[in-house]
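As a plain string of letters, each chain reads:
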Amino acid sequence: VLHCNDQGRLEPMEKVRSQKKALERMVEIAQETGIDLPGQTVFICHGNHLPGVERLSELLREKCGVTEIIVNYAGPQVGGHCGPGLVGLFYFATHR
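All of these numbers come straight from a predicted model, not from anything done at the bench. (Residues numbered from 1 in each chain as written. Predicted model: local features only at pLDDT ≥ 70, side-chain atom pairs only at ≥ 80, totals over all residues. Heavy atoms only, no water.)

Trainee: I'd like a rundown of the overall build of the protein chain, residues and numbers included.
Mentor: Of the regular secondary structure elements, the protein chain holds three helices and five strands. Listing the helices and strands of the protein chain from first to last along the sequence gives β-β-α-β-α-β-α-β. In terms of overall dimensions, the protein chain is globule-like: its C-alpha atoms have a radius of gyration of 12 Å, near the 12 Å expected for 96 residues. Principal-axis analysis of the C-alpha atoms places the extent of the protein chain at approximately 30 × 30 × 25 Å. A burial count over the protein chain gives 32% of its 96 residues as buried. (Helix = DSSP H or I, 4+ residues; strand = E, 2+ residues; numbered from the N terminus. Rg over C-alpha atoms; globule rule 2.2 N^0.38 Å. Buried < 20%, exposed > 50% of the residue type's maximum accessible area, 1.4 Å probe, protein only.)

Below, the structure is given as structure tokens:
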């Protein structure tokens, strides 16, 4: 699981085995740090991985009460670091 630090750099946050567990952990982190997730528009980016997007969207709706999700492809900078199969989550949080 990667995150963007205060300087805008991607850095490892923690290691999780399997994409299923990584998506679940991303949602846990969002629950811990998100500000009013049900009232936010949450963004998901991906690197040509719609099953991951669908699973993450489902988890966000189930566990966080998120209703508005916008999905788009990852840009070249993030995509270059992670490659095909990446799934990213963006939301307003208490901290980075």
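Back to the text.
Trainee: Provide a residue-level description of the packing of helix H1 (residues 19–33) against helix H2 (residues 50–64), including the pertinent values.
Mentor: Relative to each other, H1 and H2 sit at 35°, their axes nearing to 10 Å. Both H1 and H2 take part in a crossing whose hand is right-handed. Within the contact between the two elements, H1 uses Leu-23, Glu-24, Met-26, Val-27 and Gln-31 and H2 uses Gly-52, Arg-55, Leu-56, Leu-59, Leu-60, Lys-63 and Cys-64. Here the residues of the contact of H1 with H2 sort into seven nonpolar, two polar and three charged. (Axes fitted to C-alpha atoms, helices over the stretch in contact; angles between N-to-C directions. Left-handed = near helix turned anticlockwise from the far one by under 90°. Contact = heavy atoms within 4.5 Å. Nonpolar A, V, L, I, M, F, W, Y, C, P; charged D, E, K, R; others polar.)

Trainee: I'd like to hear about H2, residue by residue, with values.
Mentor: Here H2 contains 15 residues, and its C-alpha end-to-end distance of 20 Å stays within 8% of the 21 Å for a straight helix at 1.5 Å per residue. Buried within H2 we find Gly-52, Val-53, Leu-56, Ser-57, Leu-59, Leu-60 and Cys-64. All buried residues of H2 project into a common sector of 165° when viewed along the axis, lining one side. Pointing more than 90 degrees away from the buried face of H2 are the exposed residues Pro-51, Glu-54 and Glu-62. Lining the buried residues of H2 we find H1, strand E3 (41–46), strand E4 (68–73) and strand E5 (87–90). (Expected span 1.5 Å × (residues − 1). Arc of directions from axis to C-beta.)

This is a description of form; function is not addressed.
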